[in-house]
Amino acid sequence: MSTFGYCRELKKYEEVDEDELLAMLSPEELQELERELTDLDPDDNVPIGLRQKDQTAKTPTGTFDRDALLRYWEDENKKLLEDGKVESNPRQVMLENVRVQPNFLLCNYQQEVWPDKSRGQRVSETSSNTSKTLGNDRKKISNKAKKAQGVSGKNDVKVDEREKRDETLEQILRDDPTMNEVNLNNIEDISQETLLRFAQALCTNTHVHVFSLANTHADDRVAFAISKMLRENCSIRNLNIESNFVSGQGILALLAALKHNKTLVELRFHNQRHICGGKVEMEMVQLLRENTTLLKLGYQFDLPGPRMTVTSILTRNQDQERQRRDLLEPIPPVWVEGSGTVKNK
């Protein structure tokens, strides 16, 4: 609504006869209006959103008197204000103390608040409360100091881990013969850029046989970089990229790289955040048919058809690997007794 329209709506209330409206109200409605006007006290410093009217309709029972309790708290706050103990608004402090239902006040303040207390007792209570507050503050400060020490220790550990990662990258780039395995599993704070650097460094490495990066939040970018690495690398035999964020396209890129790789024998990519689906699983089968060196595949197929087909493909590859191993192993000689010669089997 525009400002002009809003002002025009207000003008129709200027000619309303208030006396005529009040004469039309019933006694019950007049009492309700009076209660509402009482709650809207212009001298009250409490914001309107924090005001709460008395919703108790029953008369006070026993020794509890809500009005007397309010007056008692207001007088006590005035005395403390005069002594310089309280700097806040006594009216606001009083209202904050009664920001609960009257029934709760009845069960907690029937007899305890009414006995008269001497000034000495109030001062001793104030000093004891102050000492308790100081003790709590000291505890909080010590706890914060301990937490700060713990955080600094964790930061030191993280720094050490980053120095170790940089050292590992340097060893991979140097093609260090002592570096045979790269294990990055379950490192939470490792960035995608660091994973990409590892994949790029392994492209020309000839000594690393195992590369594991399970549960490192690796995505399709990392999968594509590893696919490129598998096309160029001729030493990695085990690759584990389980429990990451690789989609079906990234998985297919890894399997497509097996056309150009004859050394990888174990590939694990199960438990990804993205579901591959039946179409991707059928494409996996087509890519695996052309591979003859993969022996183990860490993935649980949802469709029974691709699962059985991949099982038969891996069995075929294992049989062929066993036959190649038998051909390469030398046949041990056999001594024939009495002939003085050695014959092969």
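All figures in this text were calculated on a predicted structure; none of them were measured in a lab. (Residues numbered from 1 in each chain as written. Predicted model: local features only at pLDDT ≥ 70, side-chain atom pairs only at ≥ 80, totals over all residues. Heavy atoms only, no water.)

Chemist: Now, about the overall build of the chain: what can you tell me, with residues and values included?
Modeler: For the chain, the helix and strand inventory stands at 12 helices and seven strands. Expressed as a percentage of the 345 residues in the chain, the buried residues total 29%. A total accessible area of about 23,700 Å² is found for the chain, and carbon and sulfur atoms account for 52% of it. (Helix = DSSP H or I, 4+ residues; strand = E, 2+ residues; numbered from the N terminus. Buried < 20%, exposed > 50% of the residue type's maximum accessible area, 1.4 Å probe, protein only. Areas by Shrake-Rupley, 256 points an atom, 1.4 Å probe, with all protein chains shown as cover.)

Chemist: Describe the nonpolar core, with residues and values.
Modeler: Core analysis: the largest hydrophobic core is formed by 51 residues, its most contacted members being Phe211, Leu213, Ile226 and Met284. Contributions of two or more residues to this core are made by α7 (119-173), α8 (192-201), α9 (220-232), α10 (248-256), α11 (278-289) and α12 (304-328). Looking at this core element by element, the count peaks at six residues for α9. Apart from residues lying up to four places away in sequence, leucine 213 is in contact with Leu184, Asn185, Leu195, Ala218, Val222, Ile226, Leu239, Asn240, Ile241, Glu242 and Asn244. (Core = buried A, V, L, I, M, F, W, Y, C linked by side-chain atoms within 4.5 Å. Contact = heavy atoms within 4.5 Å.)

Chemist: Residues and numbers for the sheet that holds strand β5 (residues 296-298), please.
Modeler: On the basis of which strands lie adjacent, the open sheet formed by five strands has the order β1-β2-β3-β4-β5 and parallel pairing. Of all strands in the sheet, those bounded by a partner on one side alone are β1 (181-183) and β5. The sheet shows a mean angle of 5° between the axes of neighbouring strands, direction not considered. Looking at chain direction, strand β2 (residues 210-212) and strand β3 (residues 238-240) are connected through three bridges and run parallel. Bridging from a neighbouring strand, serine 212 pairs with asparagine 240 of β3. (Pairing = 2+ DSSP bridges. Axes fitted to C-alpha atoms, helices over the stretch in contact; angles between N-to-C directions.)

Chemist: Can you break down the side chain of serine 227 residue by residue, with the values?
Modeler: Topologically, serine 227 is positioned in helix α9. In this structure serine 227 touches Ala253, Leu254 and Ala257, once residues within four positions along its chain are discounted.

Chemist: Let's hear about the pattern of salt bridges: which residues, and what values?
Modeler: Taken as a whole, this structure holds 12 salt bridges when the rule is applied. When the shortest N-O distance is used, the salt bridge between glutamate 290 and lysine 259 registers 3.9 Å. Highlighted residues: glutamate 290 in the loop between α11 and β5 and lysine 259 in the loop between α10 and β4 (266-268), separated in sequence by 31 residues. On the basis of relative accessibility, which here comes to 43%, the residue lysine 259 falls in the partly exposed class. One connected set of salt bridges, linked through shared partners, spans Glu161, Arg165 and Asp189. (Salt bridge = Lys/Arg side-chain N within 4 Å of Asp/Glu carboxyl O.)

Chemist: Residue-level account of unusual backbone geometry, with values.
Modeler: Keep in mind that most residues, glycine aside, have a negative phi and that most peptide bonds are trans. The residue asparagine 215 is not glycine, and still its phi comes out positive at about 60°. Relative to the elements of secondary structure, asparagine 215 occurs in the loop between β2 and α9. One non-glycine residue, serine 243, lies in the positive phi region at around 55°.

Chemist: Explain the environment of leucine 255 to me, using residue names and the numbers behind them.
Modeler: Along the chain, leucine 255 falls in helix α10. What makes leucine 255 buried here is its relative accessible area of 1%. Through-space distance from the C-alpha of leucine 255 to that of leucine 267 is 9.1 Å; in sequence the pair is 12 residues apart. In this structure, leucine 255 is in contact with Leu267, Phe269, Met284, Leu287 and Leu288, ignoring residues within four places of it in sequence.

Chemist: A description of α12 should follow, citing residues and the corresponding values.
Modeler: Compared with an ideal rise of 1.5 Å per residue, which puts 25 residues at 36 Å, α12 spans 36 Å between its outermost C-alpha atoms and is within 8% of the ideal. Of all the residues in α12, the buried ones are Pro306, Val310, Ile313, Leu314 and Asn317. Those residues of α12 hidden inside the fold are in contact with α11 and β5. (Expected span 1.5 Å × (residues − 1).)

Chemist: How would you sum up the side chain of glutamine 171? Please name residues and give values.
Modeler: Relative to the elements of secondary structure, glutamine 171 occurs in helix α7. Looking at glutamine 171, the relative accessible area reads 16%, which means it is buried. Sequence-distant contacts of glutamine 171, that is, excluding residues within four places in its chain, are made with Asp176, Thr178 and Met179.

Chemist: Can you explain the packing of α8 against α9? Please cite residues and give values.
Modeler: α9 packs onto α8 with a crossing angle of 5° between their chain directions and a minimal axis gap of 9 Å. Considering their axes alone, α8 and α9 lie roughly parallel with respect to each other. Taken together, the residues of α9 that come into contact with α8 (itself represented by Gln192, Glu193, Leu195, Leu196 and Ala199) are Arg221, Val222, Ala225, Ile226 and Met229. Split by residue class, the contact of α8 with α9 holds seven nonpolar, one polar and two charged. (Parallel < 35°, antiparallel > 145°, perpendicular 65-115°, else oblique. Nonpolar A, V, L, I, M, F, W, Y, C, P; charged D, E, K, R; others polar.)

Chemist: Can you break down the packing of α11 against α12 residue by residue, with the values?
Modeler: Two elements in contact, α11 and α12, have axes separated by 10 Å at closest approach and are oriented at 15°. Our classification of the angle between α11 and α12 gives roughly parallel. Judged by the twist between their axes, the crossing of α11 over α12 is left-handed. Judged by residue contacts, Glu281, Met282, Val285, Leu288 and Arg289 of α11 engage Pro306, Thr309, Val310, Ile313 and Arg316 from α12. (Left-handed = near helix turned anticlockwise from the far one by under 90°.)

Chemist: So what's going on with a negative patch on the surface? Residues and values would help.
Modeler: On the surface, Asp160, Glu163, Asp166, Glu167 and Glu170 cluster together into a negatively charged patch. Inspection of the secondary structure assignment puts aspartate 166 in helix α7. On the basis of relative accessibility, which here comes to 38%, the residue aspartate 166 falls in the partly exposed class. (Patch = residues over 30% accessible without salt bridge, like charges linked within 9 Å, V, L, I, M, F, W, Y side chains within 5 Å. Lys, Arg positive; Asp, Glu negative; His and termini not counted. Charge placed at Lys NZ, Arg CZ, Asp CG, Glu CD.)

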